[in-house]
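Spelled out, the chains give:
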Amino acid sequence: MLADPLSNVGMMYADFGKTDTSSEVLDALTQVADTPLMWVGRGLLLEKSSIEWKGQEESSEACMIKAADAYRAALQIMQNPAALMGLSLTCRRSYNGFGKSGDTVYSYLSDKASKSESTMSMKIHQNLTGSGNLGACYLDSLMTIEEGLERLTALNDSESLSMIKERKSVLAAVKIR
């Protein structure tokens with residue numbers, strides 16, 4: 001039995017607002033086969049659930065953390081570009097001040113770790129897919145510029161300036177396409 005078409009059925013339910021049915025299909029599929037698309041679908045549903053928790057920041061953040069975990073599960077099966085993109089975006093959005101520990105060192109290190117995971121996932125995505133996805137090209141360039149700015153602030157080195165200039169030219173080239 002092919003599991004990916006069943007994952008597609010689960011995602012079609014989600015597209016029509018039937019998230020409970022979609023979740024049931026993906027849960028049943030988990031018992032039959034372990035495919036990246038099934039985990040990507042689970043991540044998308046969790047992201048959607050995160051949006052529905054408006055005003056309840058901790059519940060919303062918990063959904064984003066679970067979504068990132070779902071994308072990681074997909075990546076344990078294979079390097080799926082959709083899982084890489086999902087992980088890059090969800091881990092970037094999550095963990096920022098989660099739990100409000102008051103420990104600035106912990107918060108700083110947590111933020112650095114999530115940004116590193118996000119950036120690395122985007123780099124692998126770009127390596128696998130090339131520059132065909134314009135949105136991913138923009139995100140990759142913006143992340144590289146951000147990294148260059150952070151390095152420039154911390155180290156004040158010329159390599160950071162060259163990183164920023166190179167990515168500005170990539171952004172300009174993508175904009176023309």
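Refer to the structure presented above.
Residues numbered from 1 in each chain as written. Predicted model: local features only at pLDDT ≥ 70, side-chain atom pairs only at ≥ 80, totals over all residues. Heavy atoms only, no water.

1. Description of the overall build of the protein
Consideration 1: The helix and strand inventory of the protein stands at 8 helices and 0 strands.
Consideration 2: Element order for the protein, N to C, with α for helix and β for strand: α-α-α-α-α-α-α-α.
Consideration 3: Considering only C-alpha atoms, the protein reaches an extent of 55 × 45 × 25 Å along its principal axes.
Consideration 4: Of all intrachain contacts in the protein linking residues separated by at least 6 positions in sequence, the fraction that spans at least 24 positions is 54%.
Consideration 5: Carbon together with sulfur atoms contributes 59% to the accessible area of the protein, which is approximately 10,400 Å² in total.
Consideration 6: Each charge class in the protein was averaged separately, 18 positive and 22 negative side chains, and the resulting centres sit 7 Å apart. (Helix = DSSP H or I, 4+ residues; strand = E, 2+ residues; numbered from the N terminus. Contact = heavy atoms within 4.5 Å. Areas by Shrake-Rupley, 256 points an atom, 1.4 Å probe, with all protein chains shown as cover. Lys, Arg positive; Asp, Glu negative; His and termini not counted. Charge placed at Lys NZ, Arg CZ, Asp CG, Glu CD.)

2. Considerations on a nonpolar patch on the surface
Consideration 1: A surface patch of nonpolar side chains, about 330 Å² in accessible area, is lined by Val-105, Tyr-108 and Leu-109.
Consideration 2: In this fold, Tyr-108 is placed in helix α6 (residues 104–129). (Patch = residues over 30% accessible without salt bridge, like charges linked within 9 Å, V, L, I, M, F, W, Y side chains within 5 Å. Salt bridge = Lys/Arg side-chain N within 4 Å of Asp/Glu carboxyl O.)

3. Quick word on the pattern of salt bridges
Once their charged atoms are close, side chains differing in charge can pair, the charge on each being opposite to the other.
Consideration 1: Taken as a whole and judged by the stated rule, the model has 5 salt bridges.
Consideration 2: With a closest N to O distance of 2.6 Å, Asp-69 and Arg-72 form a salt bridge. With Asp-69 and Arg-72 both in helix α4 (residues 57–77) and 3 residues apart, the pair spans about one turn of that helix.
Consideration 3: With its nearest N and O atoms 3.1 Å apart, the salt bridge here joins Lys-123 to Asp-140. With Lys-123 in helix α6 and Asp-140 in helix α7 (residues 134–155), this residue pair connects regions lying 17 residues apart in the sequence.
Consideration 4: On the basis of relative accessibility, which here comes to 5%, the residue Asp-140 falls in the buried class.
Consideration 5: Look at the salt bridges and you will find they share partners, linking Asp-69, Arg-72 and Glu-117 into a network. (Buried < 20%, exposed > 50% of the residue type's maximum accessible area, 1.4 Å probe, protein only.)

4. Here we look at the nonpolar core
Consideration 1: With 12 residues, the main nonpolar core is built from Val-40, Leu-46, Ala-67, Ala-68, Ala-70, Tyr-71, Ala-74, Leu-75, Ala-83, Leu-84, Leu-87 and Cys-91.
Consideration 2: Those elements giving two or more residues to this core turn out to be α3 (36–52), α4 and α5 (81–93).
Consideration 3: No other element matches the 6 residues that α4 contributes to this core.
Consideration 4: If we ignore the near neighbours within four places in the chain, the residues touching Ala-68 are Leu-87, Thr-90 and Cys-91.
Consideration 5: Listed in part, the 6 residues of the second largest apolar core include Ala-14, Leu-26, Met-38 and Leu-45. (Core = buried A, V, L, I, M, F, W, Y, C linked by side-chain atoms within 4.5 Å.)

5. Quick word on helix α2 (residues 19–32)
Because the α-helix completes a turn every 3.6 residues, residues three or four places apart line up on one side.
Consideration 1: Compared with an ideal rise of 1.5 Å per residue, which puts 14 residues at 20 Å, α2 spans 20 Å between its outermost C-alpha atoms and is within 8% of the ideal.
Consideration 2: The complete set of buried residues in α2 reads Ser-22, Ser-23, Leu-26 and Leu-29. The arc that holds the buried residues of α2, viewed along the axis, is 125°, so those residues lie on one side. For α2, exposure combined with an orientation more than 90 degrees from the buried face picks out Asp-20, Glu-24, Gln-31 and Val-32. (Expected span 1.5 Å × (residues − 1). Arc of directions from axis to C-beta.)

6. Some details on the side chain of Ser-121
Consideration 1: Residue position: Ser-121 is located in helix α6.
Consideration 2: Ser-121 gets classed as buried once you look at its relative accessible area, which sits at 6%.
Consideration 3: In contact with Ser-121, other than residues within four places in its own chain, are Leu-84, Leu-87 and Ser-88.

7. Here we look at the environment of Leu-87
Consideration 1: Looking at the element boundaries, Leu-87 is found in helix α5.
Consideration 2: The spatial distance from the C-alpha of Leu-87 to the C-alpha of Leu-29 is 21 Å, given a sequence separation of 58 residues.
Consideration 3: Not counting residues within four places of it along the chain, the set of residues in contact with Leu-87 comprises Ala-68, Tyr-71, Arg-72, Leu-75, Arg-92, Glu-117 and Ser-121.

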